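Secondary and tertiary structure notes
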Amino acid sequence: MVAFFIALSIAIDPSLLYMALTLLAIVIFLRFYVELSLHIFPKLVVNVFKTIGDDRTPIEIIYTIYNPTIVPIVIAEYGLHYSPLLKLIGGSRTGIAIIPPRSSIKLKFVFSGRVGTYRIGPLYTVSRDILGLFKSSIIEIYGRFRIAVPPAIEAAIVRRLWIYTRMAGIAKSRVSGEGIEFYDVREYMPGDELRKVVWRFLASQNRLVVKESERESYQHILFVVDSSRGMWFGPSRQTPAEHCARIVAAIASYLARRGYLLSVAILNESGLIFSGKPLAGAIGFRRVYEILSSISYVEDETQIQQLHDILRSIALKLPRERTLIFIFTRVADEDRIQTLIKWLKMFEAMGHIPYIITPIIVSYEAIDLPPLAQKLYYVKLYGTLKQELDGINTIKGCGVRVIATKPSDIPQKIVEIVELLHK
Amino acid sequence: MSMELMLKEKSSRLVSITLVLILITIGLIALTEKGIPRPQIPVGTSPLSPLSYGTSVLYQIARSRYNTIVALDIDELNTVAGDRCVYIVISPSYPITWDESKAIVSRLLQRCGSIAIFIADEEPTSNALLQYINSSIRVLGNRIVNFSADFSPYPKAFIVLNSNAYIVVLDLASEVVGGMPIGVVHNVVVIDNASSIQGPLTYKLRAYVASVERISESIDVVVIGDGSIFLNQVLNSNETIYIKFANSLLDFLCSGFRTCTIIFDAMHSSTANIRELDKFIATLSPQDLLYIFTIYILTFLHPSIWLPPALATINKQFIYLFREPILYFSLPLLTLILLYILRRGETILRDEPLTSQRELELYIAPELRKAVIEERVRLTSNDFINLYTMVDTVFKNLIGMGLDDNRFSEVVGRYAGVEKSFRYWRFMNKYYRRALRKSIWPPLVLWRYVVRRAVEESESILNSIGSSILQYTSPF
């Protein structure tokens, strides 16, 4: 067609030929450029640098894209896909990048920190010519990967637990010297046995310190954190799943120091993640802490692992010794309630002591509302509230232990149960 | 970090087909406005002519080695430059006048370090140029024919150039006099009258057909009494000697100058309208006819040829159709049906920006939450009943009695004040009965304000006894 127009211009006025050829050359060049850039994209060298702290610190993802060719990428539209629960607070989800030849650019994305495992990527681009006449198909230049954000250990909660247990007299002061597992060193205090003094420390630093051992305790404690879809309702960072993970982290920090054997299980629609055999002390806490960062929102709605199967898997993994089981889950519908009752009864029959800690979803959703709006939200969702409370009553009525208290009181309640049982 | 690259699909697509169609329509209208094309075909020995008698092949040879231009007008000589300029004239259709010679030579001398003029002509049409530069060479315009081959007009010439001898077959060549001869034919008959052999005939043992002359330090001239050896049909033939000769001649003319510009004279070549084909069709080869036929086809494809008659015909048909009322009404309907058929199953793709990641915050009732935050939530009597039930439950859990108990104000009054408690108790029960429709008083209730007031007062009373409406969710 273009050749036809050129021929016409020759026939009419040869001077038009130059203009026709120039326009044709521009169009061909632009088209050629887009085709060329399609061959350049696979040659781009993409590296990712991640800065991940706990859920209180922002997550920084930096893509470094290096163009090793001598052809510049003039206009590359880019876009980043990521887990919908993440909130971008720095950078732009889509934009336009220019990558000069033999140079690199950095694309920085900053997300608000949230407990859990989230998907980042793919990073994809579309090449365009300068005039916007042509564009390529979407090309993925870096695939997806996962990031795991652990919960912050709230020192205030841990301190409050120590004060509460000491003042209420439900826990004696830490017993050191009974175990064999090394825990820490501390300054010498009158009354400490001389065999515990670290003489090397005295020789090198002229300080009198004593070795502390972990208190040996054989009480097994299992935390089961439900991170299925229903547990992700509420404002970002204040959902029941994240709150439960933070609570478990704080309680585990306290109980690890007290020498309990800890393990954790994370369940959602995709299945169960189990920390393995119960471990004591710092190792046990670290294992629990790592597994807590595995809570995740299952985006694929076709994945439905039945609660029944998950609870059966937990039952098979439980130790033979008496175990305190704290299940953080919601009691939403009748089927779920019946499954929970059945399996908790089963756990009891196996000699364990199961508890259900159930968050009231409406209270989580209203957490960031102004005071009056908070109450009006409760009023408007009275039906849902009542259904949840009725569910709790049903479970309680069947003799299952339930902890349904204010979120701020949950750690205290759990520690109280553990310590009183052990006393 | 490892690199994960994936090329999913390699394809490109035009942004908008509609835009292209609009541009084509505009182009068609613009071309129609330009009028019917009148293509001209260069005839004779024009360097632009690809026909058998053109010299476009020589032009291509020169262009492949030197900076080469075609001068269609004298003013085009204003743009040439170089240490050496070579002006080539091959069998011009029109005589070069004295004024033209003056203009050509003066412009070239102004813009070039030195010039060389090459004339290949069997007619004396270029002699004015030779005369202007004070050259002694002249093309006599007679005809040299073979004596030994029945007066064949194709004598063999020996031309010496750059220390090489070239034997070329001339065609109706003319004798060249003056200068230093470099080309000669032997044993020939010279016919004075170029158009007929009826004139006086002269036998010559040798006749000169090519000469060179150095006019000054800056002007050289080379003349060959025949232009036919540079025609396309000769240079395209299997005889490579002509190509070699042409290359050698160009080197000779450029004399080793680094920046040599070769100018082909096309201003003295004639052109013919394609409609006057009959005048020269006899001289055309099959290849020439194909070329002219292509131009013919392109001329007929020009929108100014077919678009106006096509539109006129369509217009006439429409006028005919619109005379009939049935057709008048049914045509729009048919158009709509056709449009529906054509567009059925069509997928329209727009050039849209990349899809942006959607961020989620999950709520049981997101719209309600938004309405509550924006204070545009609709409150009804049902909401009052819900509030009453919630507050009632909290009070029962706290003090062991509900809002319906007559001793309520007395017990709660110890903490919140008796009068305040009584007022609150009366307010709550009055509107509770109204919400349940057990009472018609007050007849007109703005539930929006009543519920808000009830919430605020309930919270105030509960706060005074160390509780809150929110305690409803933690009764265990």
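Sequence order sets the numbering: in each chain, residues are counted from 1 along the sequence as written. Here the convention is simple: chains get letters from A, ligands get numbers from 1, in the order in which they are written. A pLDDT threshold of at least 70 governs which residues receive local features in this predicted model, and a stricter bar of 80 or more applies before side-chain atom pairs are shown or counted, although totals over entire chains, interfaces and linings include all residues. Hydrogens and water are ignored here; the side-chain numbers use all heavy atoms of the structure.

**Looking at a nonpolar patch on the surface**
Residues and elements named next belong to chain B. A cluster of nonpolar residues, Phe147, Phe151, Leu201, Tyr203 and Leu205, forms a patch on the protein surface that exposes about 520 Å² of accessible area. What counts as a helix is a DSSP run of H or I of at least four residues, what counts as a strand is a run of E of at least two, and both are numbered from the N terminus. With respect to the helices and strands, the residue Leu205 is situated in strand β12 (residues 201-214). Think of it in three bands: with a 1.4 Å probe and only protein chains considered, a residue is buried below 20% of the maximum accessible area for its type, exposed above 50%, and partly exposed in between. Assessed through its relative accessible area of 58%, Leu205 is described here as exposed. Patch membership needs two things, relative accessible area over 30% and no salt bridge, and members are linked within 9 Å if like-charged or within 5 Å if nonpolar (Val, Leu, Ile, Met, Phe, Trp, Tyr). Areas reported as accessible are Shrake-Rupley estimates using a 1.4 Å probe. Residue values count occlusion only from the protein chains shown. Any carboxyl oxygen of Asp or Glu that lies within 4 Å of a side-chain nitrogen of Lys or Arg is treated as forming a salt bridge with it.

**Regarding the packing of aromatic side chains**
Aromatic pairing here means that ring centres of Phe, Tyr or Trp (its six-membered ring) are within 6.5 Å. Orientation follows from the plane angle: under 30 degrees is stacked, over 60 is edge-to-face, and everything else is tilted. Considering all chains together, one arrives at 26 aromatic pairs over all chains under this definition. Plain terms: the ring middles of Phe326 of chain A and Tyr355 of chain A are 5.4 Å apart, the flat faces sit at 20 degrees to each other, and that makes the pair stacked. One end of the pair, Phe326 of chain A, is in strand β16 (residues 323-328); the other, Tyr355 of chain A, is in strand β17 (residues 353-357), and 29 residues separate them in sequence. Tyr355 of chain A carries the same exposure label as Phe326 of chain A, and that label is buried. Where Phe230 of chain B meets Phe245 of chain B, the ring centres are 6.0 Å apart and the plane angle is 20 degrees; that geometry is what we call stacked. In this pair, Phe230 of chain B sits in the loop between β13 (219-224) and α5 (232-235) while Phe245 of chain B sits in helix α6 (residues 241-254), placing the two residues 15 residues apart along the sequence. In this structure, Phe230 of chain B and Phe245 of chain B share a single accessibility class: buried. An aromatic cluster of at least three residues, connected via ring pairs, comprises Tyr63, Tyr78, Phe109, Tyr142 and Phe145 of chain A. Note that Arg401 of chain A overlies the ring of Tyr355 of chain A, its terminal NZ or CZ placed 5.6 Å from the centroid. Cation placement over rings: the criterion is NZ of Lys or CZ of Arg within 6 Å of the ring centroid and within 35° of the ring normal.

**A closer look at helix α6 (residues 281-292) of chain A**
All names here are of chain A. One less than the residue count of a helix, multiplied by 1.5 Å, gives the span that helix is expected to have. If you check α6, its first and last C-alpha atoms are 17 Å apart, about what 12 residues at 1.5 Å a residue would give, namely 16 Å. Within α6, burial applies to Gly281, Gly284, Phe285, Val288, Tyr289, Ile291 and Leu292. One face of α6 carries all of its buried residues, which in axial projection span an arc of 165 degrees. Residue contacts follow a heavy-atom distance rule, with two residues in contact if any of their heavy atoms lie within 4.5 Å. Tucked into the core, α6 has its buried residues touching β13 (220-226), α5 (240-257), β14 (261-268) and β15 (271-274). Of all possible arcs, the one meant is that of the directions from the helix axis to the C-beta atoms.

**Structural notes on the sheet that holds strand β4 (residues 88-90) of chain A**
Strands belonging to one sheet form pairs held by backbone hydrogen bonds; the direction of such a pair is parallel or antiparallel. Residues and elements named next belong to chain A. Pairing between two strands requires that DSSP report at least two bridges joining them. Here 4 strands make up an open sheet; going across it, the order is β1-β2-β6-β4 and the pairing antiparallel. Of all strands in the sheet, those with a lone pairing partner are β1 (45-51) and β4, marking the two edges. The average angle at which neighbouring strand axes cross in this sheet is 30 degrees, direction not considered. For helices, the fitted line uses only the C-alpha atoms of the stretch in contact; every axis is such a line through C-alpha atoms, and the angle between N-to-C directions lies from 0 to 180 degrees.

**As for the sheet that holds strand β18 (residues 401-403) of chain A**
All names here are of chain A. Strand order in the open sheet formed by 6 strands is β15-β14-β13-β16-β17-β18, with mixed pairing between adjacent strands. This sheet does not close on itself; its edge strands, each paired only once, are β15 and β18. Going from strand to strand, the sheet's axes swing by 20 degrees on average, the running direction of each strand aside. Sheet analysis places β16 next to β17, joined by 5 bridges and oriented parallel. Paired with Ile325 across the two strands is Pro354, which belongs to β17. In the packing of α6 onto the sheet, the strands contacted are β13, β14 and β15, and the crossing angle to β14 comes to about 10 degrees. Here helix α8 (residues 334-349) sits on the sheet and contacts β13, β16, β17 and β18; the angle it forms with β17, its principal contact strand, is near 155 degrees.

**A look at the state of the cysteines**
Residues and elements named next belong to chain B. Pairs of cysteine sulfur atoms within 2.5 Å are what we label disulfides. Under the counting rule described, the total for this entry stands at 2 disulfides over all chains. At a sulfur-sulfur separation of 1.8 Å, the disulfide partner of Cys85 is Cys112. The S-S bond linking Cys85 to Cys112 shows a torsion near -75 degrees; that makes this disulfide left-handed. Within this pair, whereas Cys85 is found in strand β4 (residues 82-90), its partner Cys112 is found in strand β5 (residues 112-120), the two being separated by 27 residues in sequence. Judged by relative accessible area, Cys112 falls into the buried class, the value being 6%. Disulfide partner of Cys254: Cys260, at an S-S distance of 2.1 Å. Looking down the S-S bond of the Cys254 and Cys260 bridge, the torsion is -70 degrees, so its handedness is left-handed. Within chain B, bonded cysteines paired by disulfides and numbered along the sequence follow the pattern 1-2, 3-4.

**Quick word on the environment of Glu187 of chain A**
Residues and elements named next belong to chain A. Mapping Glu187 onto the fold places it in strand β11 (residues 182-187). In this structure Glu187 comes out as partly exposed when scored by relative accessible area, which is 42%. Among all residues touching Glu187, those that are not within four sequence positions of it are Asp192, Arg207, Leu208, Val209 and Val210.

**Observations concerning the interface of chain A and chain B**
Between chain A and chain B, the contact holds 83 residues from the first and 64 residues from the second. Buried area adds together the accessible area that both of two parts lose upon being put together, with accessible area traced by a 1.4 Å probe. The contact between chain A and chain B buries some 6700 Å² in all, and 64% of this surface belongs to carbon and sulfur atoms. Inspection of the chain A/chain B interface yields 4 salt bridges. Of the charged contacts, one joins Arg369 of chain B and Asp368 of chain A as a salt bridge, the two residues approaching to 2.2 Å between their closest N and O atoms.

**Thoughts on the nonpolar core**
Membership of the largest hydrophobic core comes to 83 residues, with the highest contact counts inside it found for Tyr63, Phe223, Phe326 and Phe328 of chain A. Here this core gets 12 residues from one element, more than from any other, and that element is α5 of chain A. Start and end positions for the domains come from either an automated domain assignment or a database one. Formed jointly, this core draws a minimum of three residues from each of two domains, domain 1 (43-149) and domain 2 (155-175 + 216-422) of chain A. To qualify as a nonpolar core, a set must consist of buried Ala, Val, Leu, Ile, Met, Phe, Trp, Tyr and Cys residues joined through side-chain atoms within 4.5 Å. Judged by nonpolar contacts, the second largest core, of 74 residues, contains Ala265, Phe274 and Leu307 of chain A together with Ala454 of chain B.

**A look at the confidence of the model for chain B**
All names here are of chain B. A residue's pLDDT is the predictor's confidence in that residue, given on a scale from 0 to 100. Residues of chain B with pLDDT of at least 70 account for 90%, and the chain-wide mean is 84. When pLDDT is averaged over each element of chain B, β13 comes out on top at 94 and strand β1 (residues 12-14) at the bottom at 51. Within the model, pLDDT remains below 50 along residues 1-12, and this stretch shows 37 contacts once partners closer than five positions in the same chain are excluded.

**Description of helix α10 (residues 371-380) of chain A**
By the criterion of burial, α10 of chain A is predominantly enclosed, with 7 of the 10 residues buried. If you check which residues of α10 of chain A are buried, you get Ala373, Gln374, Lys375, Leu376, Tyr377, Tyr378 and Val379 of chain A. In this fold, the buried residues of α10 of chain A make contact with α9 (361-365) and α11 (382-397) of chain A together with α10 (366-373), α11 (381-399) and α14 (447-464) of chain B.

**Examining the side chain of Thr165 of chain A**
All names here are of chain A. The residue Thr165 is located in helix α3 (residues 155-168) in this model. For Thr165, a relative accessible area of 0% corresponds to the buried category. Within 3.5 Å is the distance limit for a polar contact, defined as a pair of N or O atoms, with the added protein rule that one can donate a hydrogen and the other accept it, and that residues adjacent in sequence qualify only through two side-chain atoms. Reaching out from Thr165, the side chain makes a polar contact with the backbone oxygen of Leu161 at a distance of 2.8 Å.

**Side note on the environment of Gly44 of chain B**
Residues and elements named next belong to chain B. Residue position: Gly44 is located in the loop between β2 (40-42) and α2 (56-65). Residue classification places Gly44 among the partly exposed positions, given a relative accessible area of 31%. Sequence-distant contacts of Gly44, that is, excluding residues within four places in its chain, are made with Ser49, Tyr53 and Gly54.

**Describing the pattern of salt bridges**
All names here are of chain A. Scanning the entire structure with this criterion turns up 30 salt bridges over all chains. Between Arg258 and Glu419 there is a salt bridge; the shortest N-O distance is 2.7 Å. Of this pair, Arg258 sits in the loop between α5 and β14 while Glu419 sits in helix α12 (residues 410-422), placing them 161 residues apart in sequence. Since its relative accessible area comes to 2%, Glu419 is described here as buried.

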